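# Remarks on the overall topology
Listed here are the chains, written in short residue letters.
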Amino acid sequence: MRVTVLGAGYMGTAMAEVAAMGGHDVRLWGTWLDDAMIEAVEQRREHPRLKMVVDARIVPMRSGALAEALAGAELVIHGVSSDGAMAVMEKAGPHIPDVPVLSVTKGFLPSRSGAMDRIDVVLSEIAGRKLRFVHAAGPAKAIEIARRVLTLMCFAGERLEDARTCAAVMGAPHMQIATSDDIAGAEICSAMKNAYATGLGLWDGMVGADCHNARAACFTQGIVEMEALVKAGGGLRETVQRAAGVGDLHVTAAAGRNRAFGERVGKGTPAKQVAAEMLAAGQLTEGYAAIASAWRWAQEHGVRDLPFLKALNAIVWEGAEVAPTLASLKLTV
Ligand SMILES: NC(=O)C1=CN([C@@H]2O[C@H](COP(=O)(O)OP(=O)(O)OC[C@H]3O[C@@H](n4cnc5c(N)ncnc54)[C@H](OP(=O)(O)O)[C@@H]3O)[C@@H](O)[C@H]2O)C=CC1
Ligand SMILES: O=C(CO)COP(=O)(O)O
């Protein structure tokens, strides 16, 4: 099958690697920010982020060749971060054939109405037609995927058959992929785990290694709040309890960039400064934006009783001090 991957960063490239492993005809298109990555693939050098030489069968394509990259695609993989997703879809939308679009992107985006919404909804709005979106959720660090470490994911699409098509293409021996039609639940989990992993990182920064009780308490609280948000978004509790929610919060709180972001904020550096420094170092901190977006989304959907999210929003967006804010946190579990 011809597979076109949009975005040549960590995850886009890791997904391209898996598709190539399955013998698919893979094109890896880099955005206008990805020239260094595409050049490395062209020259068969180590990918600057994945730190490995990718499968020689992957065809690298520069940003100017977007229409060519998408022509004849039977599956599109969307690997652009939430920051770049809208700008890339403005350009890519007209060229995306009527095929499943498997997206790894995690977060909320502003819709035309001004309200925050799910990525599949907003990108379809930009494309001017309903995309056959399948969200790839679950605990899936790109570097481990590319290095063939056992990985559990959940592909969720409104059309279950599209999720199954994506799972078949990405079904390498180390990839165990569940499928679901709960795209709402899966996307909300993916956005929220970045927010709550940031919150667990705050404890690491504030207390250090011995904060296991606090982390476990807040992990549980985060899952309960995720369930409330998923329910308000029309999703299923079961989605939260498996790979998309519990699994992904675990991996991100153990080893994610969002945890690292929270740790530095927990040590006392203002969130805005940490986010800027991490961005300059090529490290995404989507939890930063996700906290504000989710807080706004919760208000718009009338979801109350979210003390952890409220505390996170106060700390990272309203300048509240970390220690007293976390000390006064009243759990609802
Ligand atoms: N890394 C991981 O382990 C996982 C990541 N994800 C998700 O995958 C998505 C991509 O993450 P990841 O691959 O890690 O991130 P990267 O930063 O490595 O890559 C993101 C891609 O988006 C592009 N991009 C970012 N901002 C813009 C912009 N303003 N305009 C145009 N292009 C832009 C990047 O360009 P550039 O490289 O120059 O920044 C790059 O192509 C995220 O939503 C993340 O949550 C999901 C599961 C695991
Ligand atoms: O989404 C991820 C793993 O599933 C990666 O998390 P980070 O963006 O925090 O590194």
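Just so it is clear, the model here is predicted, and its values are computed rather than measured. (Residues numbered from 1 in each chain as written. Chains lettered and ligands numbered in written order. Predicted model: local features only at pLDDT ≥ 70, side-chain atom pairs only at ≥ 80, totals over all residues. Heavy atoms only, no water.)

## Description of the overall build of the chain
This is how it is decided: Helix numbers and strand numbers start at the N terminus; a helix is a DSSP run of H or I with at least 4 residues, a strand a run of E with at least 2. Note that the radius of gyration is over C-alpha atoms, with the globule rule given as 2.2 Å times the number of residues to the power 0.38. The cut-offs for exposure are 20% and 50% of the maximum accessible area for each residue type, with area from a 1.4 Å probe on protein chains only; residues under the lower value are buried, those over the upper are exposed, and the others partly exposed. Here, two residues are considered to be in contact whenever any of their heavy atoms come within 4.5 Å of each other. Only the protein chains shown count as cover for residues, with accessible areas throughout obtained via the Shrake-Rupley method and a probe of 1.4 Å. Only four residue types enter the charge count, namely Lys and Arg as positive and Asp and Glu as negative; His and the chain termini do not. Charge placement uses NZ in Lys and CZ in Arg. For Asp and Glu, CG and CD serve respectively.
Each helix and strand in the chain was counted, giving 16 helices and 10 strands. By the compact-globule yardstick of 20 Å for 333 residues, the chain fits well, its C-alpha radius of gyration being 19 Å. The C-alpha extent of the chain, read off along each of the three principal axes, is 55 × 40 × 35 Å. Classification of the 333 residues of the chain by burial places 57% in the buried group. Contacts spanning at least 24 positions in sequence make up 68% of the contacts within the chain whose residues lie at least 6 apart. As presented, the chain carries roughly 13,400 Å² of accessible surface, and 52% of it is formed by carbon and sulfur atoms. Looking at the chain, you have 34 positive and 36 negative side-chain charges, and the mean spots of the two groups are 2 Å apart.

## A closer look at the environment of alanine 67
As for its placement among the helices and strands, alanine 67 is situated in helix H3 (residues 66-70). A relative accessible area of 38% places alanine 67 in the partly exposed class. Between the alpha carbons of alanine 67 and isoleucine 96 there is a distance of 8.4 Å; along the sequence they are 29 residues apart.

## A word on the sheet that holds strand E10 (residues 175-180)
The condition is simple: Note on pairing: DSSP must find at least two bridges between two strands before they are called paired. Lines fitted to C-alpha atoms define the axes here, with helix axes fitted over just the stretch in contact, and angles between the N-to-C directions of these axes take values from 0 to 180 degrees.
Reading across the sheet, the eight strands line up as E3-E2-E1-E4-E5-E8-E9-E10 and stay open at both edges, with mixed pairing between neighbours. This sheet does not close on itself; its edge strands, each paired only once, are strand E3 (59-61) and E10. Averaged over all pairs of adjacent strands, the angle between their axes in this sheet comes to 25°, without regard to strand direction. Where strand E5 (residues 100-103) lies against strand E8 (residues 132-137), four bridges are found, and the strand directions are parallel. Opposite leucine 102, over in E8, you have valine 134 as the bridge partner.

## Here's the deal with the packing of aromatic side chains
Using the following cut-off: For this analysis, a ring pair means two rings from Phe, Tyr or Trp (six-membered ring only for Trp) whose centres lie within 6.5 Å, classed as stacked if their planes differ by under 30 degrees, edge-to-face if by over 60, and tilted for the remaining angles. For a lysine, the NZ atom is tested; for an arginine, the CZ atom; a charge sits over a ring if that atom is within 6 Å of the ring centre and within 35 degrees of the ring normal.
Using the criterion set out here, one finds five aromatic pairs in the structure. With 5.7 Å between their ring centres and 25° between their planes, phenylalanine 108 and tryptophan 297 make a pair best called stacked. On the criterion of sequence distance, the pair formed by phenylalanine 108 in strand E6 (residues 108-110) and tryptophan 297 in helix H14 (residues 286-300) is long-range, its members being 189 residues apart. You'll find phenylalanine 108 and tryptophan 297 in the same group, each marked buried. By the ring-pair criterion, three or more aromatic residues cluster together here, those being Phe261, Tyr288 and Trp317. Sitting above the plane of the tryptophan 32 ring, lysine 91 keeps its charged end 5.4 Å from the centroid.

## Details of the UniProt feature "domain: Glycerol-3-phosphate dehydrogenase NAD-dependent N-terminal" (unreviewed entry) in the chain
Rule in force here: UniProt positions are given in the numbering used here, feature names are shortened, and annotations may be inferred rather than shown by experiment.
The sites that carry the UniProt feature "domain: Glycerol-3-phosphate dehydrogenase NAD-dependent N-terminal" (unreviewed entry) are, in the present numbering, residues 3-159. Secondary structure content for residues 3-159 is 32% helix and 25% strand, and the end C-alpha separation is 19 Å.

## Some thoughts on the UniProt feature "active site" (unreviewed entry) in the chain
Keep this limit in mind: By the criterion applied in these results, polar contacts are pairs of N or O atoms within 3.5 Å in which, for protein atoms, one can donate a hydrogen and the other can accept it, and in which residues neighboring in sequence qualify only through two side-chain atoms.
The positions UniProt marks with the feature "active site" (unreviewed entry) are Lys193. Its location among the elements puts lysine 193 in helix H8 (residues 183-207). The buried category is assigned to lysine 193, whose relative accessible area is 5%. Not counting the four nearest positions on each side in its chain, lysine 193 is found in contact with Lys106, Met226, Asp248, Leu249 and Thr252. Here asparagine 194 takes part through its side chain, which lies 2.6 Å from a polar atom of the side chain of lysine 193.

## Examining the nonpolar core
The cut-off we apply is this: Within this scheme, the nonpolar core is defined by two criteria: the residues are buried Ala, Val, Leu, Ile, Met, Phe, Trp, Tyr or Cys, and they are joined through side-chain atoms within 4.5 Å. Where each domain starts and ends comes from a domain assignment, either automatic or drawn from a database.
Among the nonpolar cores identified, the biggest contains 76 residues, and Leu123, Met192, Tyr196 and Leu229 are the most heavily contacted of them. Each of domain 1 (2-181) and domain 2 (191-327) gives at least three residues to this core. In contact with leucine 229, other than residues within four places in its own chain, are Ile188, Met192, Tyr196, Trp297, Ala298, Val303 and Leu306. With 38 residues, the next largest nonpolar core counts Val26, Ala142, Val169 and Ala172 among its residues.

## Re the pattern of salt bridges
The criterion, for reference: When a carboxyl oxygen of Asp or Glu lies within 4 Å of a side-chain nitrogen of Lys or Arg, that pair is called a salt bridge.
One pass over the structure, following the stated rule, counts 21 salt bridges. Here aspartate 162 makes a salt bridge to arginine 132, at a shortest N to O gap of 2.8 Å. Of this pair, aspartate 162 sits in helix H7 (residues 160-169) while arginine 132 sits in strand E8, and the two are 30 residues apart along the sequence. Side by side, aspartate 162 and arginine 132 carry an identical accessibility label, which is buried. The closest approach of N and O atoms between arginine 259 and glutamate 263, which form a salt bridge, is 2.9 Å. Of this pair, arginine 259 and glutamate 263 both sit in helix H12 (residues 257-266), four residues apart, roughly one helical turn. Residue classification places arginine 259 among the buried residues on the basis of a relative accessible area of 16%. Bridged by salt links that share partners, the residues Asp35, Glu39, Glu42, Arg45 and Arg62 form one connected network.

## With respect to the domain arrangement of the chain
The line we're drawing: Accessible-area loss on putting two parts together, using a 1.4 Å probe and summing over both, is the definition of buried area adopted here. Three classes are used: nonpolar for Ala, Val, Leu, Ile, Met, Phe, Trp, Tyr, Cys and Pro, charged for Asp, Glu, Lys and Arg, and polar for all others, with Gly counted as polar.
What the domain assignment reports for the chain is domain 1 (2-181) and domain 2 (191-327). Using C-alpha coordinates to define each centre, domain 1 is positioned 25 Å away from domain 2. Listed by partner, the interface residues are 18 residues for domain 1 and 22 residues for domain 2. Summed over both sides, the interface of domain 1 with domain 2 buries roughly 1,700 Å², with 60% coming from carbon and sulfur. The largest per-residue losses of area from domain 1 upon contact with domain 2 belong to Lys106, Phe108 and Met116, which jointly make up 37% of the total buried on that side. On the surface where domain 1 and domain 2 come into contact, there are one salt bridge. With its nearest N and O atoms 2.6 Å apart, the salt bridge here joins lysine 106 to aspartate 248. Among the elements of the structure, strand E7 (116-118) and strand E9 (151-157) are those that each provide at least two residues to the side of domain 1 that touches domain 2. Split by residue class, the side of domain 1 that touches domain 2 holds nine nonpolar, five polar and four charged.

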